[in-house]
Structures are given as structure tokens and as C-alpha cells.
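# A look at the structure
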Amino acid sequence: MSKYVVGIDVGGTSTKFGLFMTDGEKIDKWKIATDSEDNGKHLTGHIIKSIKERFVEHSISEGRLTGIGIGVPGFVDEATGVVDIAVNIGWENYPLKAILADAFHVPVFINNDANLAAAGEHWQGAGKKEASSFFVTLGTGVGGGIIVNGDLVTGLNGTAGEIGHTVTVPHGRLCTCGREGCLEEYVAAKGLRRSLRDYLRNFKDSRSLHKDSEVIDIYEAAKAGDALAAYIVNEAAYYLAYALANAVTLINPEKIIIGGGMSAAGETLLHPLVDHYKRFVLKEADESLSFEFARLGNDAGIYGATWLVLKRLGYFE
Ligand SMILES: [Zn+2]
């Protein structure tokens, strides 16, 4: 009898679900609003209810559920199943795995959302053919995930791949993590907005940007030749190239996959990025590496959460 896996991706505004069969076929996907009221204490209840309702709708008995995978935006310890901290949700030292396992009596695997997006792209997306890849997601902040020899590298406490918090500019801008000069303060939406505020006064002749300009406007203006926008995008590409080149030198992957909302900038970002990257990277580590944009979009997380269950339960052996 066929068995099922539920892959969940908890986001700041919505929580996405995927219902998969254990052979990897996707049966359904849906989402609910993320309820972060009262430090997110109602959210897991909503998640449990939503899964149970969906099983009833599909006339699938809960006994055919094999496992649940769930990605969370924050610091997550897969081994203990505890969310150390997820600022946007309000969870702190939150025993997510235990609560879900109690509700469904199946194995539950939790991880960081960027790690699972990396796993999703590795399984069904841009990294499908490669055993090793580095995934970087450019959204509000910068996240990352490492796949080596077909497995996710999470590190001792689950912080492996956190490229957004690698120090790229010593003594640079103050980061929300409390340290100075982290990559994400210069790249993605967070960094670009900050650069815009910092540099606007030096570029009084910028034709199209003002202090409240959207990030997409910065890329559009850069494409149209605006000097301030081009400066900001080039600087972001430079720092991202620097961090990625060091990641490649350390990990030696076959592919760098760029995902997240900002990957929509396309060539406007990729062209200067690869240009700077080539000057930073160790030639031997880069020999057969290629850059690619992510393919699964917002679904990468539910694919990765499902992959985590199948991987940990030995379905790929
Ligand atoms: Zn930081």
C-alpha cells in the first residue's frame, strides 16, 4: 500500500505544505497563514489541524503517513528537534519535533528553511544532477545550504551553510546577530536598502531612486544605467562573490544555485557576480563549477522537507 510524506515550510507570512508519496510524486500542495501571535504558540496546532483535514479530503488514512519534515526560518537543531530561535515566528527553545511526533506518531525531522531549500533543489531542482552543491538564497536576508556527496551538511548545532552571517567586511555594518560586517548587511533586500540610505547623499543626480525605493527598483535602475543603482548592485555582487568564492574554496561543490526573491534580478546580478567571483576563487576549486538559478521557486522548501524524511528513513539507499 502506498505511503505518504508531508513536507512543511514555515515562512514569516505563510506556511506551505506538500503531500508526497514515498516514491517522490507530489500529490498536493497548499498553504495557511503563519500565525505568529503570542510567540507563535498557536501555529503548530494550526499545522496539525491542516494536515489532518487534508488527509480526510484525500480519503487517506493517517496510518499511511510515514513521516513529516519541516523547515523553520531560524536556528534549528535537527538532532534534538528543538527550534533554538526563530525570530519571525516567536519560537525560542521550542520543541517542535516532539509536538508533531505526539500528534501523528510518526518520525519527524526538522531543519533550517534555507538548508531544506538547498535539499529541495538538490533533489528535484537545479542541483538534480550534482552530488555536491552550494545553495544561496537572496531574500530579505541571505541564507545558504550545503549538499556534499548527496547529503545535507548541517554541522554540530545546525548552523552550517549560514553564509549570510559570514563576516565579509571586517568591522563593517552592524548585523542583527550582534556582530559587524556580515554578508547579509550588504546583499539582498536588507543590504541593498541599507546601501541606498547610506549612499543616496553622494549621488544627488540619481534619476530614479529615493530613500523609499523598492529593491526591485534598484535592479531596474541599474539595468537602465542609473549610476547610484549600478554602484549598489555592483558592490552587493562584489561582496557576494567574495563570500561565495571562499565557500567554493572550502566546499569544492559542482554547482552554485542562486534562489530567493532576488534571483529575479537575473543577469543584472549574475553578470557582475561571476565577474568578481572569478577573481576571488581558487582556480582548482572552480574547475568544473557552474552557476544556476533555482528552479523550484517557493516550493523548494516543501520538496526539501520531504527529501529530509525520505533521506533519513533510508529511501534513497
Ligand atoms: Zn550577522
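The structure displayed is predicted, hence computed values, not measured ones. (Residues numbered from 1 in each chain as written. Predicted model: local features only at pLDDT ≥ 70, side-chain atom pairs only at ≥ 80, totals over all residues. Heavy atoms only, no water.)

## Regarding the coordination of the zinc ion
Within the protein, the atoms that donate to the zinc ion are His 165 (ND1), Cys 175 (SG), Cys 177 (SG) and Cys 182 (SG), at distances of 2.1 to 2.3 Å. Geometry at the zinc ion is tetrahedral, judged from its four donor atoms and the angles of 105 to 118° they form at the metal. As a motif over one chain, the donors of the zinc ion read H-x9-C-x1-C-x4-C. Residue Cys 175 is classed as buried on the basis of its relative accessible area of 4%. The exposure class assigned to Cys 177 is partly exposed, which follows from its relative accessible area of 36%. (Donors = N, O, S within 2.8 Å, 3.2 Å for Na, K, Ca; no water. Tetrahedral: all angles 85-135°; square planar, octahedral: opposite > 155°, others 65-115°. Buried < 20%, exposed > 50% of the residue type's maximum accessible area, 1.4 Å probe, protein only.)

## Some details on the domain arrangement of the chain
Taken domain by domain, the chain comprises domain 1 (4-119 + 298-313) and domain 2 (128-294). Placing the centre of domain 1 and that of domain 2 at their C-alpha centroids yields a distance of 28 Å. Tallying the contact residues gives 15 residues for domain 1 and 15 residues for domain 2. Between domain 1 and domain 2, roughly 1100 Å² of surface is buried when both sides are summed, and carbon and sulfur atoms account for 56% of that area. Of all residues in domain 1, Phe 75, Asn 115 and Ala 118 give up the largest surface area on contact with domain 2, accounting jointly for 40% of the area buried on that side. In this structure, the connection of domain 1 to domain 2 is made through one salt bridge. The shortest N-O distance in the salt bridge between Arg 312 and Asp 151 comes to 3.2 Å. The interface formed by domain 1 and domain 2 holds one residue pair in polar contact (both at pLDDT 80 or more) in total. Mapped onto the side of domain 1 that touches domain 2, the elements with two or more residues apiece are strand S5 (75-77), strand S8 (108-112), helix H4 (113-124) and helix H10 (300-312). Per-element tally for the side of domain 1 that touches domain 2: the top contributor is H4, with six residues. (Domains from an automatic or database assignment. Contact = heavy atoms within 4.5 Å. Buried area = accessible area lost by both parts, 1.4 Å probe. Salt bridge = Lys/Arg side-chain N within 4 Å of Asp/Glu carboxyl O. Polar contact = N/O pair within 3.5 Å; in protein donor to acceptor, adjacent residues only side chain to side chain. Helix = DSSP H or I, 4+ residues; strand = E, 2+ residues; numbered from the N terminus.)

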